[in-house]
Amino acid sequence: MGRYKLYMSLGLSVLLIVLMAIFVIAKPDAGVALWLMFGIIILFSMIAVVMNYSKLSNLKNRIDTLPETYQVVYIDAQEIIGLSAMSKTMKFETKQAILEIFEHAVIDNRDVEEVIGGDLKSFMDGFIEAAGGQYSFLYLFSYSSVLFMGYLLLMKVYKLIRDGFEISNFETENLDFGIVFTYALIAFVFFPWLMIIMKKASSEQWSGLKRSLILLPFIIPFGLMSMLIGVENNRLRGILDFELPLFNSPGAFFVGIVILIGLIILMRYAQKLHLKS
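Residues numbered from 1 in each chain as written. Predicted model: local features only at pLDDT ≥ 70, side-chain atom pairs only at ≥ 80, totals over all residues. Heavy atoms only, no water.

### So, the overall build of the protein
Within the protein, the regular secondary structure consists of 12 helices and 2 strands. Ordered by position from the N terminus, the helices and strands of the protein form the series α-α-α-α-α-α-α-α-β-α-α-α-β-α. Look at the contacts in the protein between residues 6 or more apart in sequence, and 78% of them connect residues 24 or more apart. Carbon and sulfur atoms make up 68% of the accessible area of the protein, which amounts to about 15,000 Å² in all. (Helix = DSSP H or I, 4+ residues; strand = E, 2+ residues; numbered from the N terminus. Contact = heavy atoms within 4.5 Å. Areas by Shrake-Rupley, 256 points an atom, 1.4 Å probe, with all protein chains shown as cover.)

### Some thoughts on the side chain of asparagine 174
One can find asparagine 174 in the loop between α8 (169-172) and β1 (175-176). Note on asparagine 174: relative accessible area 10%, which makes it buried. Those residues in contact with asparagine 174 that lie beyond four places of it in its chain are Lys156, Lys159, Glu243, Leu244, Pro245, Leu246 and Asn248. (Buried < 20%, exposed > 50% of the residue type's maximum accessible area, 1.4 Å probe, protein only.)

### Considering unusual backbone geometry
One non-glycine residue, asparagine 109, lies in the positive phi region at around 60 degrees. Assignment of secondary structure puts asparagine 109 in the loop between α4 (88-107) and α5 (112-115). Despite not being glycine, phenylalanine 247 has its phi angle at roughly 55 degrees, a positive value. Within the fold, phenylalanine 247 resides in the loop between β2 (243-244) and α12 (250-276).

### What about the packing of aromatic side chains?
Scanning the entire structure with this criterion turns up 14 aromatic pairs. The interplanar angle of 70 degrees and the centroid separation of 5.0 Å between the aromatic rings of phenylalanine 190 and phenylalanine 191 together place this pair among those described as edge-to-face. The rings of Tyr70, Tyr74, Phe102, Phe123 and Phe127 are connected pair by pair, giving a single aromatic cluster. (Phe/Tyr/Trp six-rings, centres within 6.5 Å; stacked < 30°, edge-to-face > 60°.)

### Quick notes on a nonpolar patch on the surface
Residues Phe137, Phe141, Phe188, Val189, Trp193, Leu213, Leu216 and Ile219 make up a contiguous nonpolar surface patch of roughly 760 Å² in combined accessible area. Listing elements by their share of the nonpolar patch, those giving two or more residues are α7 (137-161) and α9 (177-203). Broken down by element, the residue count for the nonpolar patch peaks at 3 residues, all from α9. By the secondary structure assignment, phenylalanine 137 is in helix α7. (Patch = residues over 30% accessible without salt bridge, like charges linked within 9 Å, V, L, I, M, F, W, Y side chains within 5 Å. Salt bridge = Lys/Arg side-chain N within 4 Å of Asp/Glu carboxyl O.)

### Thoughts on the packing of helix α3 (residues 68-82) against α4
Running from amino to carboxyl end, α3 crosses α4 at an angle of 165 degrees, the nearest separation of the two axes being 10 Å. Between α3 and α4, the angle falls in the class roughly antiparallel. Relative to α4, α3 is oriented so that their crossing is right-handed. Judged by residue contacts, Tyr70, Val73, Tyr74, Gln78, Ile81 and Gly82 of α3 engage Lys91, Thr94, Lys95, Ile98, Leu99, Phe102, Ala105 and Val106 from α4. Residues belonging to the contact of α3 with α4 are distributed by class as follows: 9 nonpolar, 3 polar and 2 charged. (Axes fitted to C-alpha atoms, helices over the stretch in contact; angles between N-to-C directions. Parallel < 35°, antiparallel > 145°, perpendicular 65-115°, else oblique. Left-handed = near helix turned anticlockwise from the far one by under 90°. Nonpolar A, V, L, I, M, F, W, Y, C, P; charged D, E, K, R; others polar.)

### A look at the packing of α3 against α9
Running from amino to carboxyl end, α3 crosses α9 at an angle of 155 degrees, the nearest separation of the two axes being 8 Å. The orientation of α3 with respect to α9, classified from their angle, is roughly antiparallel. Here α3 and α9 pass one another in a crossing that is left-handed. Contacts between α3 and α9 pair Asp76, Glu79 and Ile80 from the former with Met198, Lys199, Ser202 and Ser203 from the latter. When the residues that make up the contact of α3 with α9 are grouped by side-chain class, the tally is 2 nonpolar, 2 polar and 3 charged.

### Examining the pattern of salt bridges
A complete count under the given rule lists 3 salt bridges for this structure. Across the pair glutamate 114 and arginine 110 runs a salt bridge whose closest N-O atoms are separated by 3.5 Å. Among the salt bridges present, the one from aspartate 125 reaches lysine 121, with a minimum N-O distance of 3.0 Å. Of the two residues, aspartate 125 and lysine 121 both sit in helix α6 (residues 120-130), 4 residues apart, roughly one turn of that helix. We classify aspartate 125 as partly exposed; its relative accessible area is 27%.

### A look at the nonpolar core
Core analysis: the largest hydrophobic core is formed by 22 residues, its most contacted members being Tyr70, Ile98, Phe102, Leu120, Phe123 and Met124. Only α3, α4, α5 and α6 provide two or more residues apiece to this core. Examining the composition of this core, we find that 7 residues originate from one element, α3, more than from any other. If we skip the residues at most four places from it in the chain, phenylalanine 102 touches Leu66, Tyr70, Val73, Tyr74, Val115, Ile116 and Phe123. Counting residues in each nonpolar core, the second largest holds 19 residues, with Val146, Leu147, Phe253 and Leu263 among its members. (Core = buried A, V, L, I, M, F, W, Y, C linked by side-chain atoms within 4.5 Å.)

If you want it as structure tokens, here you go:
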């Protein structure tokens, strides 16, 4: 857990609250189920902020024996590791290794800038590369595909049960093109961009107003959701509301789950493949 994940979750919460306000103005007659879903999403995002803040505080408590200059660099270092494509085991081992390096350097009265050679990015690149943690196209593609397929399946579940579950709902409760297109952009553009910019911010130790640049990717979901909520053009509204018959039977839904599992396996394979190379 690092500062930028906290900023990201806080930014997401603010974004959702703003969208909720826009939605209240534009769609005051929305159904109870949609309001409930929106409220639950905002609640979870706010819980994420509290959890991320708690994790950051716990991390600071664990490294409070280090000098403050070392603490700042270590928090950024562990965030770089957390945003990498490493496996969980490799992330834990790498964090421990860097912490031990810092602890021994403190005992030897060495300055943190001397330890990292004045460049945290170069210092961390060696660890990330050795552990197969650099992003590859296959990893980013499979990661985004997992998010996209997961979104679609969850939205289908919501539509299946919102008015009471019936088998016939598989065929009648379709996903709108606008929602599917929005999820695609969020999964394949927003999240990869957010991961890359947060990693860059940690590596280069951005400070001051420059830190606000990590909020740039939020332009995508904010713009898309505002468009979905507020568009009045009938022709465009017709395109956005066009129903796509995705997962329109129990068998098709099961195939979607199998594809999701396959994509998760592909993502793990991409991690191992990069590590071997």
